[in-house]
Amino acid sequence: MPTDEAFNAWIAENEINVLTLGQNPEIVGNLLQYHVVPGGVIPSSFIVENSPTSFETLATYTLPTSFDGESAYAADAEILRSDLLYASLSNSAIVCTIHMINKVLEIPDVLTMVAYSSEFTLIASAVSALGLELPEGTFTILAPTDASLGDLDISAAIEDPAFADFLGYHVLVGEYVQGDLVGGSTVRRLLTAIVNCLSACSCSG
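Residues numbered from 1 in each chain as written. Predicted model: local features only at pLDDT ≥ 70, side-chain atom pairs only at ≥ 80, totals over all residues. Heavy atoms only, no water.

## Looking at the overall build of the protein chain
Inference 1: Counting its secondary structure elements, the protein chain contains nine helices and seven strands.
Inference 2: Considering the protein chain as a whole, with its 205 residues, one finds that 28% of them fall into the buried category.
Inference 3: Across the protein chain, the fraction of contacts at a sequence separation of at least 24, relative to all contacts at a separation of at least 6, is 58%. (Helix = DSSP H or I, 4+ residues; strand = E, 2+ residues; numbered from the N terminus. Buried < 20%, exposed > 50% of the residue type's maximum accessible area, 1.4 Å probe, protein only. Contact = heavy atoms within 4.5 Å.)

See below:
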């Protein structure tokens, strides 16, 4: 839970009119739900002992946590006080452990979310090194795991001009769920594009 100071700093930094926040309930709701991890009490000791790790939030976005040897973090927010127990007086079924943090957690963009995951370190480092960014819009990313890339040398790959195109072929314009990508011409076109790009990219191995 962000402190009052953290909320005020976030409002000032983003030049937010607090009087209009209530006019965007979906946006505000998602932001607040990104601060809630359901399914059980998570003590700070778990974060420290299992660092780095991540949790699925009520907003369905992944929240990474870490420990640098001195302080525990939720994303880039430092946990100032931890393990504050809250029990609702009106509903005995509601019990929460509150960790006080020094920043408002903002839902990251999709490329940052990929970078947070331990399964996509190779592709995340390539995106970072190339300085790639998504334009405004809705996209679906097919992110190759480290295991799927095998022994690909990322430092050599990013020197190949075709590699940026290879990464681009993993980005679909629009929103697609798994069912949309089962069979049909969409998948055939996608696979053909990826194969063609792999053939053109001398560093793909």
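## Focus: helix H1 (residues 4-13)
Inference 1: Those residues of H1 not exposed but buried are Ala-6, Trp-10 and Ile-11. Looking straight down H1, one finds its buried side chains confined to an arc of 135 degrees; they lie on one side. Counted as exposed and oriented over 90 degrees from the buried face of H1: Asp-4, Glu-5, Asn-8 and Ala-12.
Inference 2: Just downstream of H1, Glu-15 is the residue with a positive phi angle, here 50 degrees. (Arc of directions from axis to C-beta.)

## Observations regarding the packing of helix H5 (residues 121-130) against helix H8 (residues 161-168)
Inference 1: At their nearest, the axes of H5 and H8 sit 11 Å apart, and the two run at 120 degrees to each other. Considering the angle they form, H5 stands oblique to H8. Crossing of H5 against H8: the hand is left-handed. Contacts between H5 and H8 involve Ile-123, Ala-126, Val-127 and Leu-130 from the former and Phe-163, Ala-164 and Leu-167 from the latter. (Axes fitted to C-alpha atoms, helices over the stretch in contact; angles between N-to-C directions. Parallel < 35°, antiparallel > 145°, perpendicular 65-115°, else oblique. Left-handed = near helix turned anticlockwise from the far one by under 90°.)

## A word on the environment of Ile-107
Inference 1: Within the element layout of this structure, Ile-107 appears in the loop between strand S5 (95-101) and helix H4 (110-116).
Inference 2: When the C-alpha atoms of Ile-107 and Asn-30 are compared, they prove to be 8.2 Å apart, with 77 residues separating the residues in sequence.

## Comments concerning the pattern of salt bridges
Inference 1: Per the counting criterion, the structure on display carries one salt bridge.
Inference 2: Close ionic contact of Lys-103 with Asp-76 constitutes a salt bridge, the shortest N to O distance being 3.5 Å. Note that Lys-103 is positioned in the loop between S5 and H4 and Asp-76 in the loop between strand S3 (72-74) and strand S4 (77-87), a separation of 27 residues in sequence.
Inference 3: Note on Lys-103: relative accessible area 37%, which makes it partly exposed. (Salt bridge = Lys/Arg side-chain N within 4 Å of Asp/Glu carboxyl O.)

## Quick notes on the nonpolar core
Inference 1: Membership of the largest hydrophobic core comes to 13 residues, with the highest contact counts inside it found for Tyr-34, Ile-47, Leu-63, Ile-79, Ile-101 and Leu-105.
Inference 2: Looking at this core, the elements that each hand over two or more residues are S3 and S4.
Inference 3: Here Ile-47 is in contact with Ile-42, Phe-55, Thr-65, Ser-66, Ala-72 and Ile-79, once residues within four sequence places are set aside.
Inference 4: In this structure, Val-127, Leu-149, Ala-157 and Phe-163 belong to the second largest nonpolar core, which totals 11 residues. (Core = buried A, V, L, I, M, F, W, Y, C linked by side-chain atoms within 4.5 Å.)

## So, the packing of aromatic side chains
Working definition: an aromatic ring pair is given by the centre-to-centre distance plus the angle between the planes.
Inference 1: In total, this model carries one aromatic pair according to the counting rule given.
Inference 2: For the ring pair Phe-46 and Phe-55, a centre distance of 6.0 Å and an interplane angle of 50 degrees mean the geometry is tilted.
Inference 3: Relative accessible area serves as the criterion here: at 14%, Phe-55 is assigned to the buried category. (Phe/Tyr/Trp six-rings, centres within 6.5 Å; stacked < 30°, edge-to-face > 60°.)

## Some thoughts on the pairing of strand S2 (residues 62-67)
Inference 1: With four bridges joining them, strand S1 (residues 53-56) and S2 adopt antiparallel strand pairing. Bridge pairing links Phe-55 to Leu-63 in S2.
Inference 2: Counted between consecutive antiparallel strands, the loop separating S2 from S3 contains four residues, among which Gly-69 sits at a positive phi close to 100 degrees. (Pairing = 2+ DSSP bridges.)

## Observations concerning unusual backbone geometry
Inference 1: Positive phi, close to 55 degrees, is recorded for Ala-75, a residue that is not glycine.
Inference 2: When you line up the elements, Ala-75 lands in the loop between S3 and S4.
Inference 3: The phi dihedral of Asp-83 is positive, around 60 degrees, even though this residue is not glycine.
Inference 4: Here Asp-83 is to be found in strand S4.
Inference 5: Among the residues examined, Asp-83 registers a relative accessible area of 38% and is labelled partly exposed.

This is a description of form; function is not addressed.
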